[in-house]
Amino acid sequence: MSVPLTLLGLLDREPSHGYDLKRDYDAFFGRGKPLPFGQVYSTLGRLARDGKVTAGEAEPGDGPDRKRYAITEAGRREVESWLAQPAEPEPHLQTVLFAKVVLALMLGHPAADYLDAQRAAHLRRMRELTELRRTGPTVDVLLADYGLFHLEADLRWIDATEARLGALAELVRTSETGI
Amino acid sequence: MNDGDSMTTGRSGLSPAEPAPPPGAARGSMLEARDLLRAFGNTPALQGASLTVAQGEVLAVMGPSGSGKSTLLHCLAGIYTPDRGEVWFDGRRIDTLSENRRTELRRTAFGFVFQFGQLVPELTALDNVALPLLLGRVRRRRAYETAQSWLARLGLGDLGARRTGELSGGQAQRIAIARALATRPAVLFADEPTGALDSLTGEKVMDLLVSTARQEGTTVVVVTHDARVAACADREVMVRDGRVAAGYGAAAAAR
């Protein structure tokens, strides 16, 4: 999740104060990991420095920041370009889990047990998301679906890897010995 | 519901004359498999499978094709008897029961939902749900009232007169769930209950199955290869090479 581009996108709706942006970010994108105020203001500062937003005059009142920020034409172009560009479809070959499996095989550790532990952790998370999906509002349902489909894909990979552990171990062994 | 059935005591479906469990039997467990061995000809299906399912638990049994997970379910449900090992249900050993008594037990204490082919296509949806009640000697009028209320509970109240052959896959599975739960079984066994459905329909069916079983306090054992289905359960076990993988066998309450 790109925080600068997301904040810029939120500003593309209408000029806003920092705390409004934080509130909307947390509601739609935070998912239990709220954006610290400090990061909101430092990000807005950098965006202003780069000419992507402008900061209005400070308004009277309490609070850490009473400035209203507005997106510039350059900022708007950046948001449009970001939205139109598809995300890189990564082959996921260098995931942490892949690295762990290969390392485990290299070190003679129980790779199958690690895969089991990962499967259990994935299913625990899927259980949480399934519950969220059952009880949550539409935004949560869509986000839970996204998470569930990705976790499901990981689990398929775990199953397939488990079925091929013997072949992978052989490959790791022969590669290591240079055969 | 099973009035007049001499074997039935409450929801366990067994008389109190059975021997008490040996010391060390898991307390609060509804089902237990102890070191089960089962072969088909020269092919071993179970090679020391042990498992405990707590009362009211929803358990997913996962594993690759041919791992023995369906055989384990069939042994737990008294459909197969193991070549070696023990199966306990509600504090009673069931693998040593006669074929007749196991049949009676399956009828009175267990419900079943399979992937497909379990409904009688010539009968209406309502007839299908009423069937196990009628076989359980429930009076006809009462059986049909109960069946109708179960159809309504699963959102099928207006489909009672339809023949099951005319229903969609998702509707047919919901009828199968209604039929399986109508006798208020202690345990519901489901073998790939969503295997023939698209993912969205399967999800709805599974959600209904689990939520209805939970409302009833029914213990559920569901065999599946689908992680989305397993995620509806309280816990999962992995069956591999005829055994329950290490760290998976004990009931959640006992862990």
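Residues numbered from 1 in each chain as written. Chains lettered and ligands numbered in written order. Predicted model: local features only at pLDDT ≥ 70, side-chain atom pairs only at ≥ 80, totals over all residues.

**Observations concerning the overall build of chain B**
Link 1 in the chain: If you tally the helices and strands in chain B, you get 7 helices and 10 strands.
Link 2 in the chain: Residue burial in chain B is summarised as follows: out of 255 residues, 50% are buried.
Link 3 in the chain: Contacts in chain B between residues far apart in sequence, at least 24 positions, make up 73% of those at least 6 positions apart. (Helix = DSSP H or I, 4+ residues; strand = E, 2+ residues; numbered from the N terminus. Buried ≥ 20, exposed ≤ 12 C-beta atoms within 10 Å, placed from the backbone. Contact = placed C-beta atoms within 7 Å.)

**Let's talk about the pairing of strand β2 (residues 43-54) of chain B**
Link 1 in the chain: Both strand β1 (residues 29-40) of chain B and β2(B) contribute to a ladder of 9 bridges, which runs antiparallel. The residue of β2(B) that forms the bridge with B:Arg38 is B:Leu46. (Pairing = 2+ DSSP bridges.)

**Some details on the nonpolar core**
Link 1 in the chain: Core analysis: the biggest nonpolar cluster contains 82 residues, and B:Val61, B:Leu72, B:Val129 and B:Val221 have the highest contact counts within it.
Link 2 in the chain: Per-element accounting of this core gives the leading share, 8 residues, to helix α5 (residues 169-182) of chain B.
Link 3 in the chain: Beyond its immediate stretch of four places on either side in the chain, B:Val61 contacts B:Lys69, B:Leu72, B:Leu73, B:Val221, B:Val222, B:Val223, B:Val237 and B:Val239.
Link 4 in the chain: Among the nonpolar cores identified, the runner-up in size contains 13 residues, and A:Leu8, A:Leu11, A:Leu35 and A:Val40 belong to it. (Core = buried A, V, L, I, M, F, W, Y, C linked by C-beta atoms within 7 Å.)

**Here we look at the sheet that holds β2(B)**
Residue and element names in this part refer to chain B.
Link 1 in the chain: Pairing is antiparallel in the open sheet, where 4 strands are placed in the order β2-β1-β4-β5. Sheet topology places β2 and β5 (92-93) at the edges, where each strand pairs with a single neighbour.
Link 2 in the chain: Running at roughly 125 degrees to β1, helix α1 (residues 69-76) makes contact with β1, β2 and β4 (84-89) of the sheet. (Axes fitted to C-alpha atoms, helices over the stretch in contact; angles between N-to-C directions.)

**Structural notes on the environment of A:Thr161**
Residues and elements named next belong to chain A.
Link 1 in the chain: In this structure, Thr161 sits in helix α7 (residues 138-163).
Link 2 in the chain: Distance in space between the C-alpha atoms of Thr161 and Ala111 is 9.9 Å, their sequence separation being 50 residues.
Link 3 in the chain: For Thr161, the contacting residues outside a window of four places in its chain are Val101 and Leu115.

**Brief notes about the sheet that holds strand β2 (residues 53-55) of chain A**
Residue and element names in this part refer to chain A.
Link 1 in the chain: Overall, antiparallel pairing links the 3 strands, which are arranged β1-β3-β2 in an open sheet. At either end of the open sheet lies a strand with only one pairing partner, and these are β1 (16-17) and β2.
Link 2 in the chain: Both β2 and strand β3 (residues 68-71) contribute to a ladder of 3 bridges, which runs antiparallel. Residue pairing in the sheet places Val53 in a bridge with Ile71 of β3.
Link 3 in the chain: Strands β2 and β3 of the sheet are contacted by helix α3 (residues 37-49), whose axis makes an angle of about 110 degrees with β2.

**Focus: the environment of A:Pro36**
Residue and element names in this part refer to chain A.
Link 1 in the chain: Residue placement: Pro36 occurs in the loop between α2 (18-30) and α3.
Link 2 in the chain: By C-beta crowding, Pro36 is classed as exposed, having 10 other C-beta atoms within 10 Å.
Link 3 in the chain: Sequence-wise, Pro36 and Leu21 are 15 residues apart; in three dimensions their C-alpha atoms are separated by 11 Å.

**Brief notes about helix α3 (residues 125-135) of chain B**
All names here are of chain B.
Link 1 in the chain: Most of α3 is tucked away: 8 of the 11 residues are buried.
Link 2 in the chain: At its buried positions, α3 is contacted by α4 (140-153) and α5.
Link 3 in the chain: Just beyond α3, the residue with positive phi is Arg137, at close to 65 degrees.

**Quick word on the interface of chain A and chain B**
Link 1 in the chain: Taken together, the contact between chain A and chain B spans 10 residues of the former and 10 residues of the latter.
Link 2 in the chain: Those elements that place two or more of their residues in the side of chain A that touches chain B are α6 (111-135) and α7 of chain A.
Link 3 in the chain: Across the side of chain A that touches chain B, the residue classes break down as 5 nonpolar, 1 polar and 4 charged. (Nonpolar A, V, L, I, M, F, W, Y, C, P; charged D, E, K, R; others polar.)

**Let's talk about the pairing of β1(B)**
All names here are of chain B.
Link 1 in the chain: The hairpin turn running from β1 into β2, its antiparallel successor, is 2 residues long, and Gly41 in that turn takes a positive phi close to 65 degrees.
Link 2 in the chain: With 5 bridges joining them, β1 and β4 adopt antiparallel strand pairing. Bridging from a neighbouring strand, Glu32 pairs with Trp88 of β4.

**Some words on the packing of α2(A) against α3(A)**
Residue and element names in this part refer to chain A.
Link 1 in the chain: At a closest axis distance of 10 Å, the pairing of α2 and α3 adopts a crossing angle of 120 degrees. Classified by the angle between their axes, α2 and α3 sit oblique to one another. When the axes of α2 and α3 are compared, the crossing they make is right-handed. Contacts between α2 and α3 involve Gly18, Leu21 and Lys22 from the former and Phe37, Val40, Tyr41 and Leu44 from the latter.
Link 2 in the chain: When grouped by side-chain class, the residues that make up the contact of α2 with α3 number 5 nonpolar, 1 polar and 1 charged. (Parallel < 35°, antiparallel > 145°, perpendicular 65-115°, else oblique. Left-handed = near helix turned anticlockwise from the far one by under 90°.)

**Some remarks on unusual backbone geometry**
Residues and elements named next belong to chain B.
Link 1 in the chain: Notably, Arg137 is not glycine yet its phi reads approximately 65 degrees, a positive angle.
Link 2 in the chain: Secondary-structure assignment places Arg137 in the loop between α3 and α4.
Link 3 in the chain: With 12 C-beta atoms packed within 10 Å, Arg137 lands in the exposed category.

**A few points about α7(A)**
Link 1 in the chain: Given a rise of 1.5 Å per residue, 26 residues ought to cover 38 Å, and the 37 Å separating the end C-alpha atoms of α7(A) matches this to within 8%.
Link 2 in the chain: Residues of α7(A) that are buried in the fold lie against α6 of chain A together with α7 (227-230) of chain B. (Expected span 1.5 Å × (residues − 1).)

**Brief notes about the confidence of the model for chain B**
All names here are of chain B.
Link 1 in the chain: The pLDDT averaged across chain B works out to 87; a share of 85% of its residues lies at or above 70.
Link 2 in the chain: Counting contacts from residues 12-18, a segment whose pLDDT is below 50, to residues more than four positions away or on other chains yields 18 contacts.
Link 3 in the chain: Note on residues 20-27: pLDDT under 50 across the span, and 8 contacts to partners over four residues away in sequence or across chains.
Link 4 in the chain: Per the prediction output, this complex has pTM 0.75; the corresponding ipTM is 0.76. (pLDDT = per-residue confidence, 0-100.)

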